[in-house]
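Chain residues, written in single-letter form:
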2 protein chains.
Amino acid sequence: MKKKDNTGCQKLTLKQCAKYLKRHDNYIILTHASPDGDTLGSAYALYYGLNEIGKRACVICPDVIPQKYDYFARITDHVTRENATVIAVDVADKRLLGDLKEEFGDIVDLNIDHHISNTQFAKNLYLDADAAATAEIIFELLTLMRVNINDITAKALYTGIATDTGSFKYSTVTAKTHIIAAMLYDYNINASEINRLMFDTKSKKLIDLERQVLETAEFHFEDKCMLLCVTAEMQEKTGCSGTELEGIAVISRSVDGVKVGVTMKQTDDNEFKVSVRTYEPFDASEICKKLGGGGHRGAAGASVKGNLKEVKQKVLLAVSECLEEQNAGISTAL
Amino acid sequence: MKKKDNTGCQKLTLKQCAKYLKRHDNYIILTHASPDGDTLGSAYALYYGLNEIGKRACVICPDVIPQKYDYFARITDHVTRENATVIAVDVADKRLLGDLKEEFGDIVDLNIDHHISNTQFAKNLYLDADAAATAEIIFELLTLMRVNINDITAKALYTGIATDTGSFKYSTVTAKTHIIAAMLYDYNINASEINRLMFDTKSKKLIDLERQVLETAEFHFEDKCMLLCVTAEMQEKTGCSGTELEGIAVISRSVDGVKVGVTMKQTDDNEFKVSVRTYEPFDASEICKKLGGGGHRGAAGASVKGNLKEVKQKVLLAVSECLEEQNAGISTAL
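The model shown is predicted, which means the values in this text are computed figures rather than measured ones.

Rules behind the numbers
Residues numbered from 1 in each chain as written. Chains lettered and ligands numbered in written order. Predicted model: local features only at pLDDT ≥ 70, side-chain atom pairs only at ≥ 80, totals over all residues. Heavy atoms only, no water. Helix = DSSP H or I, 4+ residues; strand = E, 2+ residues; numbered from the N terminus. Rg over C-alpha atoms; globule rule 2.2 N^0.38 Å. Buried < 20%, exposed > 50% of the residue type's maximum accessible area, 1.4 Å probe, protein only. Contact = heavy atoms within 4.5 Å. Areas by Shrake-Rupley, 256 points an atom, 1.4 Å probe, with all protein chains shown as cover. Domains from an automatic or database assignment. Buried area = accessible area lost by both parts, 1.4 Å probe. Salt bridge = Lys/Arg side-chain N within 4 Å of Asp/Glu carboxyl O. pLDDT = per-residue confidence, 0-100. Disulfide = S-S within 2.5 Å. Phe/Tyr/Trp six-rings, centres within 6.5 Å; stacked < 30°, edge-to-face > 60°. Polar contact = N/O pair within 3.5 Å; in protein donor to acceptor, adjacent residues only side chain to side chain. Nonpolar A, V, L, I, M, F, W, Y, C, P; charged D, E, K, R; others polar. Pairing = 2+ DSSP bridges. Least-squares fit on C-alpha atoms with pLDDT ≥ 70 in both.

Draft legend 1. Quick peek at the overall build of chain A. For chain A, the count of helices and strands is 12 helices and 13 strands. Whereas a compact globule of 334 residues would reach a radius of gyration of roughly 20 Å, chain A reaches 20 Å, a difference of no more than 12%. With 334 residues in all, chain A has 56% of them scored as buried. For chain A, contacts bridging at least 24 residues in sequence account for 63% of all contacts bridging at least 6. Carbon and sulfur atoms make up 48% of the accessible area of chain A, which amounts to about 14200 Å² in all.

Written as structure tokens, this is what we have:
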């Protein structure tokens, strides 16, 4: 049964979601802006799956799709806006549609997502906050729909799962995540090559940038918090920008003893994209909420206005509040 | 049936291996020197398993066990040398027993391993070169023996599998690897915390060392080969040494386009430990064989005598030979 609440958003079960997809046609599948492996893997796996059952579909991404996803993110059919059914995958908030927000933000028919922070902006929503990746949901959906999965679909799904779990390392991973991965090995996915592309390949210029970023390292709150900064100047000088900088945020949490890692990437003269990575018991999404953003418990983000000094102050205030609030609950993890 | 060849080594099946373990008692379980997560995870999981069925056992490691393994590598019972049954786990060659080679090298009763390069030095050998980790074999063995697996055993097994596969990223991973991982999630293993400890935690001094090592980067053979150097001086100045340097080798292969990554770690005035990491179609073990070492297809090592310049020359010669031999077979991987 569909549950409707005061947001006007119908919550679907997986079965209802499958039925919905079988009933409609002419799908426009939207990813979020600054696309990552999960939003792209989910969108393309759904696209290939819908194709398999004779549906017309296309994938539209608000930003240019990075070349490294070429092995599954191919050019899709064209679907005209009229009479299209609009699906968003892995999109927690309509603002994350970026340049597509204006056109599609209020007309998404179905949203398939795993973010607990989902703002229920679509007409219908299938949300599984226990899924480690939206691609995990798409796998279950295609399986339930008895849609044939082929090699390229499997590659897209594996990419979504591997990238959103840091290659099966995060606390969001469950037994189900590994079982789905095992099932995807039935296909010719060349997982090690996908992992090499997604995790272990850096350009020379990125290595150069990382070295510069590490020099900005600051430690706060008894070394529990590490702060890194990527200035516009560094990005210009090294020629590294956009999605190439994704991996930097991980470094901020990689130092022994650091529980909260913060990376401040300059996106404009007076604006920084703040990425927060935390370890238990600290909650990155709580910190980012205080800065006007959101995300997951272990990884979240926000856009903060101001110069470096101002942004740093705002960030440190948010972190200190969270450390105080959450410090009470610290327990040894192992 | 046991197969005996001219090495005098009996090849066992998994079932025979299980029977052997049930029949004997008073086990001394040996790990290889410079212990990693797989040799330790395998040894301790086997130790806990044997304990569960009332056998006496102890684990002996040729080197000090790094503190980060404390969550499963506890102090074991003492087993006297007389009448002990000696087991080696994840030990491909008796030389890898390090300081224990003298005492145990020629009296290993049973060797359980997954290295194709195993030199068959033990009286009995169970070798599964398709296993991504020796811990995968230990899991199957304990399951076959119907031995109760408890949380600490599961932590040891997960650690072995996760560390030897670079967190499920390497080409050695199979569907079985993921299925075993899924089964280990039935226990209270706190996998994300294990992964944090194993993969994503660096000391401040290591980050400092890495920055220095990156400055030594040299590119050869049309940038297909990257060479890194860790001098004795760097190790002294930063205070980083031994197993702390494990992760450096991975960096050598992380640059876009690099197929062969080489790290030369100074271990003595006139000696370097050479670690080679390769991507298909290049074979790290072939390169290291030319240098008097060995290992896996994607990761291998050798100890090479000489000063930095001499070692570099030897390494570059070995790499160039392998590039020539293997270049013929290059194909696009995805």
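Next comes the rest of the account.
Draft legend 2. Inspection of unusual backbone geometry at higher detail. The linkage connecting A:Glu280 with the following residue, A:Pro281, adopts the cis geometry, with an omega of 5 degrees. Although it is not a glycine, A:Arg146 adopts a positive phi angle of roughly 55 degrees. Mapping A:Arg146 onto the fold places it in the loop between helix H4 (134-144) and helix H5 (151-164). Non-glycine residue B:Asp223 carries a positive phi angle of around 65 degrees. A residue is classified by how much of its surface remains accessible, and B:Asp223, at 35% relative accessible area, is partly exposed.

Draft legend 3. How the structure looks around the domain arrangement of chain A. Residue and element names in this part refer to chain A. Examined at the domain level, chain A breaks down into domain 1 (3-199) and domain 2 (204-325). Look at where the C-alpha atoms of domain 1 and domain 2 centre, and you get two points 27 Å apart. Each partner contributes to the interface: domain 1 provides nine residues, whereas domain 2 provides six residues. Between domain 1 and domain 2, a total of about 570 Å² is buried, with carbon and sulfur atoms accounting for 47% of that surface. Inspection of the domain 1/domain 2 interface yields zero salt bridges.

Draft legend 4. Fine view of the confidence of the model for chain A. Residues and elements named next belong to chain A. The predicted model of chain A averages 91 in pLDDT, with 96% of residues at 70 or higher. Contacts of residues 329-334 to residues separated by more than four positions or lying in other chains number 12 contacts, the stretch itself having pLDDT below 50. Both confidence scores are given for the complex: pTM 0.83, ipTM 0.83.

Draft legend 5. Examining the state of the cysteines more closely. Residue and element names in this part refer to chain B. Counted by the stated rule, this structure contains zero disulfides over all chains. In this structure Cys 288 is a free cysteine whose sulfur lies 8.9 Å from that of Cys 322, the closest cysteine sulfur available. Judged by relative accessible area, Cys 288 falls into the buried class, the value being 0%.

Draft legend 6. Representation of the packing of aromatic side chains. Under the defined criterion, the tally for this structure stands at 17 aromatic pairs over all chains. Measuring from ring centre to ring centre gives 6.3 Å for A:Tyr44 and A:Tyr47, while their planes differ by 75 degrees; the resulting arrangement is edge-to-face. Taken as a pair, A:Tyr44 and A:Tyr47 lie in helix H2 (residues 37-52) at a separation of three residues, close to a single helical turn. Residue classification places A:Tyr44 among the buried positions, given a relative accessible area of 4%. Measuring from ring centre to ring centre gives 5.9 Å for B:Tyr44 and B:Phe72, while their planes differ by 70 degrees; the resulting arrangement is edge-to-face.

Draft legend 7. Geometry of the environment of B:Thr201. Residue position: B:Thr201 is located in the loop between helix H7 (191-199) and helix H8 (204-214). In sequence terms B:Thr201 and B:Val258 are 57 residues apart; their C-alpha atoms lie 25 Å from each other.

Draft legend 8. Region of the structure containing the interface of chain B and chain A. The interface is formed by 43 residues belonging to chain B together with 43 residues belonging to chain A. Taken together, both faces of the contact between chain B and chain A bury some 3900 Å²; the carbon and sulfur share is 62%. Counting every contact that joins chain B to chain A gives zero salt bridges. At the surface where chain B touches chain A, the tally comes to four residue pairs in polar contact (both at pLDDT 80 or more). With seven residues, H7(B) is the single largest residue contributor to the side of chain B that touches chain A. Partitioning the side of chain B that touches chain A into residue classes produces 21 nonpolar, 10 polar and 12 charged.

Draft legend 9. Inspection of the sheet that holds strand S13 (residues 299-305) of chain B at higher detail. All names here are of chain B. Within the open sheet, the six strands sit side by side as S8-S9-S10-S11-S13-S12. Their pairing is mixed. In the strand order of this sheet, the two ends are held by strand S8 (218-220) and strand S12 (294-295), each with one partner. Looking at chain direction, strand S11 (residues 271-278) and S13 are connected through seven bridges and run antiparallel. Its bridge partner lying in S13, Val 276 is registered against Ala 300.

Draft legend 10. Molecular detail of the relation of the copies chain B and chain A. Overlaying chain B with chain A gives an RMSD of 0.0 Å, the required rotation being 180 degrees about an axis along which the chain moves by 0.0 Å. Those values place the two copies in the arrangement expected of a two-fold rotation axis. Rotation axis and chain B: the residue whose C-alpha lies nearest the axis is B:His178, separated from it by 2.6 Å. Taken together, the interface assignments show that 100% of the residues at the interface of chain B recur at the interface of chain A, consistent with an identical surface on both copies.

Draft legend 11. Up close: H7(B). All names here are of chain B. For H7, a buried count of seven out of nine residues is recorded, marking the element as mostly surrounded by other parts of the structure. All buried positions along H7 are accounted for by Ala 191, Ser 192, Glu 193, Ile 194, Asn 195, Arg 196 and Met 198. The elements touched by buried residues of H7 are helix H5 (151-164).

Draft legend 12. Focus on the pattern of salt bridges. According to the stated counting rule, one finds 30 salt bridges over all chains in the structure shown. One salt bridge connects A:Lys305 with A:Glu271, and the closest N-O pair in it is separated by 3.6 Å. Highlighted residues: A:Lys305 in strand S13 (residues 299-305) and A:Glu271 in strand S11 (residues 271-278), separated in sequence by 34 residues. Residues B:Lys237 and B:Glu233 are paired through a salt bridge, measuring 3.3 Å at the closest nitrogen-oxygen approach. In this pair, B:Lys237 and B:Glu233 both sit in helix H9 (residues 232-238), four residues apart, roughly one turn of the helix. Both residues of the pair, B:Lys237 and B:Glu233, belong to the exposed class. Each member of the salt-bridge network shares a partner with another, and the members are A:Glu280, A:Asp283 and A:Arg297.

Draft legend 13. Seen up close, the sheet that holds S13(A). Residues and elements named next belong to chain A. Taking strand neighbours across the sheet as the criterion, the six strands line up as S8-S9-S10-S11-S13-S12 in an open arrangement whose pairing is mixed. The sheet is open, and its two borders are formed by strand S8 (218-220) and strand S12 (294-295), each paired with just one other strand. When S8 meets strand S9 (residues 225-230), the two strands line up antiparallel, connected through three bridges. Counted as the bridge partner of His 220 is Cys 225 from S9.

Draft legend 14. Spotlight on the pairing of strand S5 (residues 85-89) of chain B. Residue and element names in this part refer to chain B. With five of five residues buried, S5 is to be regarded as a mostly interior element. The side-chain alternation of S5 yields two buried faces, one formed by Thr 85, Ile 87 and Val 89 and the other by Val 86 and Ala 88. Alignment of strand S3 (residues 27-30) against S5, held across four bridges, turns out to be parallel. Counted as the bridge partner of Leu 30 is Ala 88 from S5. One ladder, built from three bridges, connects S5 with strand S6 (residues 110-113); its direction is parallel. Across the sheet, residue Val 89 finds its bridge partner in S6, namely Ile 112.

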